[in-house]
Amino acid sequence: MNEIFDIIYKFLKWISEFTGLTYREVNIIVYFIIIPSFFIFLISKILKKKYLNISFLVIVLISLLIIPDFKIFSDKLFNRSVDFLNWFQYIGLNYVQASVVICVIIPILVIILLLYLNKKQNAIRN
C-alpha cells in the first residue's frame, strides 16, 4: 500500500510542480472534479442521458466561479478529506491504507464496473 500511495503522491506532486498549483489544489481537482467527471461521463453513456455531463459541468463551473480563493478552499477541503481518511483508523486502516482503498482501489473498481456496463449495453444495442 505504501508503494501505491508514494506513486500517486509523487505523480500529484509532479503535476503540482508542472502546473504551478499546490499539491492540495491538484489533489482536489483530481479527486473532486476529474475522477467524478469520468464517472458521470460513463454513467451518462450507460443511461443515455447527456444532460448528466452538462449538469455536472455547470455545477463545477458555478462552483469555481463562486469560490473566492481556490487555494484556501482546496486547503479546507483537503483537510476535511484527511479527517475523513483518518476516521478509518477505527476499522483498522491507517491514513495511507485508507487513502489507497478510498482514492485508488474503489475508483478503479467503479471505473471497471462502469466500463463493463457500458460495453455490455453497447453489445445489446448491436
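Figured I'd write up the structure that's included with this text. Numbering of residues starts from 1 in each chain and follows the order in which that chain's sequence is written. Only residues with pLDDT of 70 or above have their local features reported here, since the model is predicted, and side-chain atom pairs are shown and tallied only from 80 upward, although totals for entire chains, interfaces and linings are computed over all residues. Side-chain numbers here rest on the full set of heavy atoms in the structure, without hydrogens or water.

### Focus: the overall build of the chain
- Check the secondary structure of the chain and you find five helices and zero strands.
- Each helix and strand of the chain, placed in order from N terminus to C terminus, yields the pattern α-α-α-α-α.
- Any two residues whose heavy atoms approach within 4.5 Å at even a single point are treated as in contact. Relative to all contacts within the chain whose residues are 6 or more apart in sequence, the contacts with residues 24 or more apart total 58%.
- In short, Shrake-Rupley with a 1.4 Å probe defines the accessible areas, and a residue's cover is counted only from the protein chains shown. Accessible surface computed for the chain: about 8800 Å², of which carbon and sulfur atoms make up 70%. Under the scheme used here, helices are H or I runs from DSSP no shorter than 4 residues and strands are E runs no shorter than 2 residues, and both carry numbers assigned from the N terminus.

### Remarks on the packing of helix H1 (residues 2-19) against helix H2 (residues 23-47)
- Lines are fitted to the C-alpha atoms to define the axes, a helix being fitted only along its stretch in contact, and any angle between axes, read from their N-to-C directions, falls within 0 to 180 degrees. Contact geometry of H1 with H2 gives a least axis separation of 8 Å together with a crossing angle of 110°. Relative to H2, the element H1 lies roughly perpendicular. Relative to H2, H1 is oriented so that their crossing is right-handed. For the pair H1 and H2, contact is made by Ile-8, Tyr-9, Leu-12, Lys-13, Ile-15, Ser-16 and Thr-19 and by Tyr-23, Val-26, Asn-27, Val-30 and Tyr-31, respectively.
- Looking at the contact of H1 with H2, its residues break down into eight nonpolar, three polar and one charged. Angle categories: roughly parallel below 35 degrees, roughly antiparallel above 145, roughly perpendicular from 65 to 115, and oblique for all the rest. Left-handed describes a crossing whose near helix is turned anticlockwise from the far helix through less than a right angle; right-handed describes the clockwise counterpart. Basically, the charged four are Asp, Glu, Lys and Arg, the nonpolar ten are Ala, Val, Leu, Ile, Met, Phe, Trp, Tyr, Cys and Pro, and anything else, Gly included, counts as polar.

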